[in-house]
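Working through the structure, step by step
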There are 4 protein chains.
Amino acid sequence: MTSALATYFARLHTALLEAEAGGEVPELARLSGARDEHLGLALCDLDGRITAEGSDHAFPVQSISKAFAYGAAIDLHGHDYVTSIVDEEPTGEDFGALSLDRVTKKPKNPLVNIGAIRTHAMLGPEQAERTERLRAVLEAAAGRPLELHEETCRRELAGSDRNLALAHMLRAAGSMDEDAEEVVAGYIEGCAVLTTVTDLAVMAATLASGGTNPLTGERVFSRVAARQVLSVMLTCGMYDNAGDWVSDVGLPAKSGVAGGIIASLPSRFGIATYAPQLDQHGNSVRGTLAFERMSEDFSMHLLDGQEAADLDRRAAELTEIGTAI
Amino acid sequence: MTSALATYFARLHTALLEAEAGGEVPELARLSGARDEHLGLALCDLDGRITAEGSDHAFPVQSISKAFAYGAAIDLHGHDYVTSIVDEEPTGEDFGALSLDRVTKKPKNPLVNIGAIRTHAMLGPEQAERTERLRAVLEAAAGRPLELHEETCRRELAGSDRNLALAHMLRAAGSMDEDAEEVVAGYIEGCAVLTTVTDLAVMAATLASGGTNPLTGERVFSRVAARQVLSVMLTCGMYDNAGDWVSDVGLPAKSGVAGGIIASLPSRFGIATYAPQLDQHGNSVRGTLAFERMSEDFSMHLLDGQEAADLDRRAAELTEIGTAI
Amino acid sequence: MTSALATYFARLHTALLEAEAGGEVPELARLSGARDEHLGLALCDLDGRITAEGSDHAFPVQSISKAFAYGAAIDLHGHDYVTSIVDEEPTGEDFGALSLDRVTKKPKNPLVNIGAIRTHAMLGPEQAERTERLRAVLEAAAGRPLELHEETCRRELAGSDRNLALAHMLRAAGSMDEDAEEVVAGYIEGCAVLTTVTDLAVMAATLASGGTNPLTGERVFSRVAARQVLSVMLTCGMYDNAGDWVSDVGLPAKSGVAGGIIASLPSRFGIATYAPQLDQHGNSVRGTLAFERMSEDFSMHLLDGQEAADLDRRAAELTEIGTAI
Amino acid sequence: MTSALATYFARLHTALLEAEAGGEVPELARLSGARDEHLGLALCDLDGRITAEGSDHAFPVQSISKAFAYGAAIDLHGHDYVTSIVDEEPTGEDFGALSLDRVTKKPKNPLVNIGAIRTHAMLGPEQAERTERLRAVLEAAAGRPLELHEETCRRELAGSDRNLALAHMLRAAGSMDEDAEEVVAGYIEGCAVLTTVTDLAVMAATLASGGTNPLTGERVFSRVAARQVLSVMLTCGMYDNAGDWVSDVGLPAKSGVAGGIIASLPSRFGIATYAPQLDQHGNSVRGTLAFERMSEDFSMHLLDGQEAADLDRRAAELTEIGTAI
């Protein structure tokens, strides 16, 4: 039997595909097979129940991996140590902004590239250990083995001058001792891991649960790490659109340049969307629309002055009253 | 009969007074009677039940008024219009940062001074109307008439060069037509309104409820405005310490330079603290400690992966097991 | 008898008028009568010999007055004092850039607006004294009484928000005690003094001579002040085009928004041009062309590896060989 | 027979050695043998007459090579092309400042590191060709073969993260296609060429003459290139102290981190100093004192309103009247 939520998702999927959303699919995303008509929606609640609709294309996780690398670094070194190296403050700047904070000389947060590169370097003394640890965390959060998209990896390495500049700046500032090229290579590899929208929903649910994968029951992150990951996602996750996102959607979220977005409603569920057309902030256009719609329909906004709705009951209501999605 | 929460508050109050908190009381705050030993705590839930402990000294609301002016502007002009003039993005910069956003030419958000001045100018075509409207909103949120501290007002006007610079910049940028000196005078007057910590708790509860004062039942803000005020408080409320605050406390909050802090747990309650010693970010030292403690004791962190605790039950547990506060 | 130099000037004037120079006459300049076909050239050597061609329209001196106010401040307070308040470093920024130097908290130089406003405030304890002193210095440098263009003054006062912002910032930074509105009013008045291109050539010759007006023999500036004025003109005089100007013309120069430019070849002569169409840097288009041409024709470039030519001899050569100007 | 200028130099040398100059010898300079008591002075006029006093220690030319690489690039590609890639504007920023100009996306000038690296990349399609060309130009300007200090080279390569960051940024910005590591290696090699203070004086004289080495008669630079090199030295040569230097010394100059400074009086002579203690701007302390003194004693300031003195005549006067140096 189809759940009311599944029916809602099916209708939302149709409505979004029909919408003239605009945005561009980056050439890099096409390399791993992104197509204009790709659109996937998935939700995983804390009982491990998954509702999914649309594309199950596997695409590179890209910057979404930054959030999981950050959680892994906290569990490896403790929140205090990590924060002493990489700050947790939002920045009005572009995700690739070049500068360390003028006063603290630290990267502003672990979700801008310079902070993500520095965080990646914390994952182990050697490149192999770092990439293995990150892959292990991503797989534990998704609840299954994940592949690497080798060609995305190669292509990004070939055009990694900006990231190499950032890594050399970290070394020049005395913030990082590890080899710049190795750290960037590992960081890029972590971004090229392939995930489906369902994987991402499970990963988001792992954060929503306080760190335990609701499918496998495995503890992936400590409660502190999960909460901290969601905290930086809330203030820094959506690039220079973070404030708009908090206003309009009201959930901690992280997007990737291949078109994925994850968001978590703590103690309730994780949601993910996949649609490869990006807006000028680098966020998925249809993904953003989907989240705005779902947030409103189910009162998911964390600051809304009322509890988020029961999903099935509310989905049934919405269907019954024939609300146009 | 004393509630378990009241007992908790009394013990927290004692513990905080004993703590060597450090920080400095600004000279301006002394003008309105701030004393080193001042410490007040108050909570107002959505049934209007108030629990308060410590100082009932009335102090200037200061920057906390920015949040309420912003809500008033949204209800007057709509969220879209207000956002077209003043953005809602966090900024890594100082609260008095001078510049408009390089690309949008807008103030970054309504809680930095330049954004707050621009927002104040939206409250009406004339200075008198603007100040009356803001006073009315503050009083409706507090649920009682509020006084102005004339001398704070005079003193701030005499040292208002930075705010005048910001107002003239807004005019020079074509962002504001109103008279610079009048807008600054009105803005300063809104900051000099006297509130007790209990007033602030009720005002915070008004935001937590989605805009309705839980004491008086009066609708002060639309649901959209209340949610939007909390959204910018979450990402921009604690100056350049916003990220740390979200990590450590996890509630939308706003502080004022006279030592007040408000925070709201949506659909649950508003809390306020008053302690005039400030840290280097301009936030109350003991207030911050109080919030970190309460957030942990009652699982108030919005991103914690579990529901916030029932206050009385948890307070009773904490008292019973003799947890050192 | 017409000198060879006068013949050269006449031909240069014709050639420049015919050139499709582009650029825009600002509306403000039209207020004091600027017309598209206005073009004036003048040179005054250290014997007081003047060669002039074209328009003798009197136009506001505008930012060129900044250089003379700076010289006056040095002679009033000494170079060390003035430099302790206003630095002498070039800046890559726009002439209206808002910020004080991040480290020194000083305006970068006396030719950007914030530095010019601060310098103006040094000219006396009261507004009347400041404006009188500046007028006296301008008149002494020009060698004759100068009028004020009242309407330019009024119009600039009405649109002085940017300058008021700068003045309030100086006060807020503790750099200036004088009343912001009075200082800005005096500064604007100094910019609205009317000069002809011949006046400007004499003023430039006064700087070239080490401070003595070659017409009147009056010492206007000490040698130190004159040299220092030329030093900041060289590195900071042409807004964000300073480096190009040094490369292409190689003379210390200052331009004004009404279309005037002065330049000095130390120990030789002062030159001025007037043409009200401005380029995107705010410099006169035809004036810049004239200087590039004259610099090349007479080897005026300070860094050229040879002495500047004798003007009449070289002009005769150029005429004889029929060089197309 | 000792010339009056030689006597002057000997006395200046003694006076400077006795002065408590302060400043620090960087560890890197010690690697090539710099000692606290090192102090060398040399002047080469356009007849090739050399007057020198003090240390003939050979030290790395360091950033002084940037000026010569720039001249070589202009003669190879033309001034217009070079300026289309690297601007010629002063910047208020630190010599290692990371950013390209916000509007033009070009390095601000060829004497800040990012501009120097980009300029070096213009010297040929291959690393070997680039380093050979630069070495050939340095040798032609000095008039003799120059050695490389291999260990300085190795040490700088090992700590070249900042320069690698800059090179990768240039590539990321689409400004440079050459391999980042190769360009940085070649740039560093050019900085490690060993010169004596006499070599530098001859090199400065080569610029003063309009590009011809006064010892060998070889044309090293075109007149345009020599003039352009001096132009950027004037506005950008002394790091963030450029304005002070123009005010106090008034000559185009360039300093190197090993303690050398060159300056040129066009059509007259080149001067160099060597003293390895550096001030906070990275300029030689005793070198700066020497230039301030010589500029004043011989009226060398380009903007002084009088011709520079005849060196021997003025040196004789100064000696005769027993002026304390």
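Residues numbered from 1 in each chain as written. Chains lettered and ligands numbered in written order. Predicted model: local features only at pLDDT ≥ 70, side-chain atom pairs only at ≥ 80, totals over all residues. Heavy atoms only, no water.

Considerations on the sheet that holds strand β1 (residues 40-45) of chain D
Residues and elements named next belong to chain D. A sheet is described by the order of its strands in space; here five strands give the open sequence β2-β1-β7-β6-β5, paired in antiparallel fashion. On the outer flanks of this sheet lie β2 (50-54) and β5 (253-255), each paired with one strand and no other. Averaged over neighbouring strand pairs, the angle between their axes works out to 10° when direction is ignored. As defined by bridge partners, β1 adjoins β2 across five bridges and the pair is classed as antiparallel. When the sheet's bridge partners are listed, Gly40 is paired in β2 with Gly54. (Pairing = 2+ DSSP bridges. Helix = DSSP H or I, 4+ residues; strand = E, 2+ residues; numbered from the N terminus. Axes fitted to C-alpha atoms, helices over the stretch in contact; angles between N-to-C directions.)

Some details on the interface of chain D and chain C
Listed by partner, the interface residues are 36 residues for chain D and 36 residues for chain C. Counting the surface lost from both chain D and chain C, the interface buries some 3,000 Å², and carbon and sulfur atoms represent 50% of this. Taken together, the links from chain D to chain C amount to two salt bridges. Arg227 of chain D is paired through a salt bridge with Asp304 of chain C; the nearest N and O atoms lie 3.7 Å apart. Between chain D and chain C we count 15 residue pairs in polar contact (both at pLDDT 80 or more) in total. Those elements that provide at least two residues to the side of chain D that touches chain C are α11 (223-236) and α12 (242-248) of chain D. (Contact = heavy atoms within 4.5 Å. Buried area = accessible area lost by both parts, 1.4 Å probe. Salt bridge = Lys/Arg side-chain N within 4 Å of Asp/Glu carboxyl O. Polar contact = N/O pair within 3.5 Å; in protein donor to acceptor, adjacent residues only side chain to side chain.)

Notes on the pairing of strand β6 (residues 260-265) of chain D
Residue and element names in this part refer to chain D. Burial analysis of β6 places six of its six residues in the buried class, which makes it a mostly covered element. Of the two faces of β6, the one lined by Gly260, Ile262 and Ser264 and the one lined by Ile261, Ala263 and Leu265 are each fully buried. The hairpin turn running from β5 into β6, its antiparallel successor, is four residues long, and Gly259 in that turn takes a positive phi close to 110°. Where β6 meets strand β7 (residues 269-274), six bridges bridge the pair, whose relative direction is antiparallel. Note on β7: the bridge partner recorded for Ser264 is Gly270. In this antiparallel pair of consecutive strands, β6 and β7, the connection spans three residues, and Ser267 shows a positive phi of 70°. (Buried < 20%, exposed > 50% of the residue type's maximum accessible area, 1.4 Å probe, protein only.)

Functional significance is not addressed by these values, which are geometric in nature.
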